[in-house]
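Commentary on secondary and tertiary structure
Listed here are the chains, written in short residue letters.
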Amino acid sequence: MWLQRWGIIAGAVAWLAGLAFAALLGWQANALVPLGVGGALLCGAIALMALSGRRGAGATAEAIAITLLLVGLAALGMARLASVNPTNDPANVARLIGTGTWEVRGTVSGEPDLRAKGEFVQVAITSAARVGYGNESQPLDGTVQVYVPGVLSQFAPDYGDTVRFTVTLRPPTHAPPGIDAEAGSAQRLTILARGGGNPVLGALYRVREALAGGLLSALPAPEAALLIGILLGLKTPTLRARLPLFVETGTIHLVVTSGLKVTLVAEIVGRLARPLGRALGPSLALSGVVGYVVLSGAGPAAIRAGTMGAILILARALGREYDVTRALALACFLMTLAQPTVLWDVGFQLSAAGTLGIAILGERLRAPLHARLGQGRLGRVTADVLAATLAAQIATFPIVALNFGIISFVSLPANLLLVPPLPLLLVVAMVVAVAGATVPALGGILRALLWPLARAADAVVEVGAHLPGAYLAVGGIPAWLTPLWVIALGCVPLLWRAPARSAAPPVVAGLPRPLRVAVALTLALALFAGTVGASAVAAGTRTTVTFLDVGAGGPATLVRLASGRVVLIDGGADGTALLNALAGALPPWGRTIDLVIVTEARGGHFTGLAALLNAFHIGEVADPGALHPTRDYTAWYADLQAAHIPLVRLRAGDTITPDAATRMEVLAPATLLPTSSGQEETNALVLRLVTPGLRVLFAGEADDAALARAAAAGDVRAEVVHLCQLPTDGILFGSGQADLLRLANPALVVVAPSARAAHPVGTPITPDDPAAIPGMAVIRTTQGGTLTLATDDAGWWIDR
């Protein structure tokens, strides 16, 4: 009986102890492998001898045999960890660390991890040649994580691609398990072939991207990023920027694959397949769990949750009792058997420790909470959420403190508000994602159901993180506290007897009833309708010009006309910052930009726009073109072609009419683009927006020659002039900008960041020359943030 109940747990603990002991000893890998295997064989042989002894000594022999078997498992764990040490493999890429610059070739072996201005890519290395020594390439194996700058999809490597690049390798520090070496930014990366890898895995990755795109096209960036994390566990650049909020509120589990989500998926698929028979239902549920784990990124936390979910399905199908502690032990054993280094992955540690805490402490905390809060539905829900949250927080305390340096004090109320509606969020997010990826118009309709719920969930996290005393920053947590804490947690059942299990099923893990869903959707529709009505009344018939603060590196301006048409002029250098800025400037249902104008072929004017291609419907793009396209501009042009977005070239004399009451006059460049050395500034667009009550002159960072051509082209009078400058530059008398300002005679000059390279650190700041801007107000978005001007037939004003 003891062996049946505790054998799996004891064996997994022995195995994990062997892994930890091998890492602690730090012996050479080539010595640990034979020692571990030999020790395991010796322990097994002695155990067999003990069990073959006399019948009278059966109990003693059994105890000796079990002890020796556990010691043998620990020895095998030591050998397994040593076997994956790169020093045992003479062809492993880790041997190139610190030996200079290498040109390596390999295949992208995982889904790229997208960041704001690039992506991390895992490459399975096949060969390498040392740069500058003329040596022929040598065959290699192992996996390298490399950073690829730029987010333009046409020239970015994807799963299965064969690539070649030049790097200097260093030991892995912040890489996921299974990475043998890290590299800095890849130099001269070339994609040699597209579309390799496992076709099934590649198809699932494409489905994941399509579902994420469906949510992103239906909702503003913050809410879409939250739901992408909840549904798919995918950390978009927007979500990565907000991850500290989830850590500070103790809700990080919401945006990773958890056991609750996997159980919900298994329940949904199982119930849908129930009419098909008792054999097909578990099979489809198991397939659903596997597919969901892959769609969630197949990270260590996702695989752990998926393994336990599969064990749950098999236990039910075989009519066996499911014990969460034994399932966790088996999952940890299988995962570390396949990849021993996963034991040191923070996501795996948090997932396993949190599950262990809920299994051991959850049921012990739930009973007294039920007694205090009552047996009503509200009381049971509150008790379940509080018990699970408190148990997980206690269990993961040293891991969070060690890796994030934070102890959250708002975790309980935040989870009490967010965990009960999680099943509803998960189901509705899946429906909207599928609809948005297949029928965008239907996804746009369904977002009315989802946006209020997502906005409320996001507000709970954001408000909770900014409450006074929401968390405590800690440091100096010793690493040995984590295993000691887990050992102490495992000893809790020896000192604290668990109460009898309640016959009532947990409320939180159940699926919502149809009536609750109907009520929730009705409330969501009512809230959405009220929001739409309030925004429509507030907007009225105004036209607004919003100079967006999208950080350094380039400008972005949003024009919303009274007719409802939307024009975006430039997009800055950071797509994440642009999406967040647009989320604050557009209503949640505004997912269409009718016209995008790129004023200059310099990266900071269009690189941020790449993030819009999957998030908005773009009607048309216009720019001045480029005589000598850069790599980034070529990729941007290819992305537009792939998205079937028309591109129009603009020249002086052209006029754009977004609606009947508005026109945009193109004052520069000339019909033939000049070939001067500063061609980007000389060939930049100079535009004048003319709408009832307001004229805005967009001069950007056009040089003196372009500004002189614009001034000679016609009327340049305007109430507002928009310029781009470096932080150290000022508006000086005698410059082309000052001459243009004299002719335009504006009341306001708005200065946005330049896309040109910044001056060296320590360059003195040149103040504006009062003679260049007599009687003009100057506002810089780098200092004042986003600025909105509003206008109607009566005039214009700064909209606070």
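Residues numbered from 1 in each chain as written. Predicted model: local features only at pLDDT ≥ 70, side-chain atom pairs only at ≥ 80, totals over all residues. Heavy atoms only, no water.

So, about the overall build of the chain. Each helix and strand in the chain was counted, giving 24 helices and 25 strands. When burial is assessed residue by residue, the chain has 48% of its 800 residues classed as buried. For the chain, contacts bridging at least 24 residues in sequence account for 72% of all contacts bridging at least 6. Accessible surface, the chain as shown: approximately 36200 Å² in total, 63% of it carbon and sulfur. (Helix = DSSP H or I, 4+ residues; strand = E, 2+ residues; numbered from the N terminus. Buried < 20%, exposed > 50% of the residue type's maximum accessible area, 1.4 Å probe, protein only. Contact = heavy atoms within 4.5 Å. Areas by Shrake-Rupley, 256 points an atom, 1.4 Å probe, with all protein chains shown as cover.)

One open sheet holds the 8 strands; their spatial order is S16-S15-S14-S13-S12-S11-S24-S25, and the pairing between them is mixed. Edge positions in the open sheet fall to strand S16 (647-649) and strand S25 (795-798), since each of these has one partner strand only. Neighbour-to-neighbour, the strand axes of this sheet turn through a mean angle of 20°, independent of strand direction. Alignment of strand S12 (residues 557-560) against strand S13 (residues 566-569), held across 4 bridges, turns out to be antiparallel. Bridge pairing in S13 places Val559 opposite Val567. Together, strand S15 (617-623) and S16 form the strand contacts of helix H20 (residues 631-642), whose direction differs from that of S16 by roughly 125°. (Pairing = 2+ DSSP bridges. Axes fitted to C-alpha atoms, helices over the stretch in contact; angles between N-to-C directions.)

For the structure on display, the rule yields 7 aromatic pairs. Between Tyr159 and Tyr205 the ring centres are 5.2 Å apart and the planes differ by 75°, which places this aromatic pair in the edge-to-face class. Separated by 46 residues along the polypeptide, Tyr159 in the loop between strand S5 (143-149) and strand S6 (162-170) and Tyr205 in helix H4 (residues 199-218) bring together distant segments of the chain. When its relative accessible area of 10% is taken as the criterion, Tyr205 is described as buried. Through a chain of ring-to-ring contacts, three or more aromatic side chains come together here, namely Phe606, Tyr633 and Trp636. Note that Arg591 overlies the ring of Phe616, its terminal NZ or CZ placed 4.2 Å from the centroid. (Phe/Tyr/Trp six-rings, centres within 6.5 Å; stacked < 30°, edge-to-face > 60°. Lys NZ or Arg CZ within 6 Å of the ring centre and 35° of its normal.)

Time to look at the sheet that holds strand S22 (residues 748-753). As summarised here, the arrangement of the 7 strands in space is S17-S18-S19-S20-S21-S22-S23, forming an open sheet in which the pairing is mixed. Looking at the sheet topology across the chains shown, the edges are occupied by strand S17 (655-659) and strand S23 (777-780). Pairwise comparison of adjacent strand axes, ignoring direction, gives a mean angle of 20° for this sheet. Pairing of S22 with S23 involves 4 bridges; the strand directions are parallel. By the bridge assignment for S23, Val751 is matched with Arg780. Contacting strand S18 (662-668), strand S19 (686-691) and strand S20 (694-700), helix H22 (residues 704-713) runs over the sheet at an angle of about 125° to S18. The sheet contacts of helix H23 (residues 736-744) involve S20, strand S21 (720-725) and S22, and relative to S21 the element is tilted by about 170°.

As a working rule, side chains carrying opposite charge can pair if their charged atoms are close by. The full count for this structure, using the stated rule, is 24 salt bridges. Its salt-bridge partner being Glu665, residue Arg688 comes within 3.1 Å of it at the nearest N-O pair. Of the two residues, Arg688 is situated in strand S19 and Glu665 in strand S18; the sequence distance between them amounts to 23 residues. Classification of Arg688 as buried rests on a relative accessible area of 3%. Overall, Glu665 belongs to the buried group, its relative accessible area being 16%. The residue Asp729 makes a salt bridge to Arg756 at a minimum N-O spacing of 3.5 Å. Taken together, the positions of Asp729 in the loop between S21 and H23 and Arg756 in the loop between S22 and S23 put the pair 27 residues apart, joining distant regions of the chain. A relative accessible area of 30% means that Arg756 is categorised as partly exposed. (Salt bridge = Lys/Arg side-chain N within 4 Å of Asp/Glu carboxyl O.)

Attention shifts here to the nonpolar core. Ranked by size, the top nonpolar core spans 80 residues in total, and within it Leu548, Leu582 and Leu612 carry the most contacts. Non-local contacts of Leu612, meaning those with residues more than four positions away in its chain, are made with Leu568, Leu578, Leu579, Leu582, Ile593 and Ile618. Core analysis: the next-biggest nonpolar cluster, separate from the first, contains 25 residues, Leu19, Met308, Ala352 and Leu365 among them. (Core = buried A, V, L, I, M, F, W, Y, C linked by side-chain atoms within 4.5 Å.)

Our next topic: the environment of Val324. For Val324, the position within the fold is in helix H10 (residues 324-338). Judged by relative accessible area, which is 31%, Val324 ranks as partly exposed. The sequence separation of Val324 and Leu312 amounts to 12 residues, and the corresponding C-alpha distance is 8.5 Å.

What follows covers unusual backbone geometry. Residue Pro669 follows Ala668 across a cis peptide bond; omega there is 10°. Considering the arrangement of structural elements, one finds Pro669 in the loop between S18 and helix H21 (679-682). The phi dihedral of Asp570 is positive, around 70°, even though this residue is not glycine. With respect to the helices and strands, the residue Asp570 is situated in the loop between S13 and helix H19 (575-585). Positive phi, close to 55°, is recorded for Asn745, a residue that is not glycine. Within the element layout of this structure, Asn745 appears in the loop between H23 and S22. Overall, the relative accessible area of 57% leaves Asn745 in the exposed class.

Okay, helix H8 (residues 280-295) next. Here H8 contains 16 residues, and its C-alpha end-to-end distance of 22 Å stays within 8% of the 22 Å for a straight helix at 1.5 Å per residue. Within the sequence span of H8, burial applies to Gly281, Ala285, Gly288, Val289, Tyr292, Val293, Val294 and Leu295. Just beyond H8, the residue with positive phi is Gly297, at close to 105°. (Expected span 1.5 Å × (residues − 1).)

Here Val434 is to be found in helix H14 (residues 422-438). What makes Val434 partly exposed here is its relative accessible area of 37%. Sequence-wise, Val434 and Ala212 are 222 residues apart; in three dimensions their C-alpha atoms are separated by 9.2 Å. Among all residues touching Val434, those that are not within four sequence positions of it are Leu211 and Val439.

Within a regular beta strand, the side chains point alternately toward one face of the sheet and then the other, so they alternate between its two faces. Among the 6 residues of S21, 6 are classified as buried, and the element is accordingly described as predominantly covered. Residue alternation in S21 divides its side chains into two sets, Val720, His722 and Cys724 and Val721, Leu723 and Gln725, and both sets are buried. In this view, the connection linking S20 to its parallel neighbour S21 by way of H22 has right-handed handedness. In the sheet, S21 pairs with S22 via 6 bridges, with the strands oriented parallel. Paired with His722 across the bridge in S22 is Val750. (Right-handed = clockwise from strand over helix to strand, strands pointing away.)

For Ala181, the location among the structural elements is in strand S7 (residues 181-185). As a C-alpha pair, Ala181 and Leu169 span 12 residues in sequence and 6.3 Å in three-dimensional space. Leave out the neighbours within four places in its chain, and Ala181 touches Val93, Ile97, Thr143, Val144, Gln145, Leu169, Arg170 and Pro172.

A few words on the packing of helix H5 (residues 221-232) against H14. With their axes 9 Å apart at the nearest point, H5 and H14 run at an angle of 100° to one another. Taken as axis vectors, H5 and H14 run roughly perpendicular relative to one another. Packed against H5, whose contacting residues are Leu227, Ile230 and Leu231, the element H14 presents Leu422, Leu425, Leu426, Ala429, Met430 and Ala433 at the interface. A breakdown of the residues in the contact of H5 with H14 according to their chemical character gives 9 nonpolar, no polar and no charged. (Parallel < 35°, antiparallel > 145°, perpendicular 65-115°, else oblique. Nonpolar A, V, L, I, M, F, W, Y, C, P; charged D, E, K, R; others polar.)

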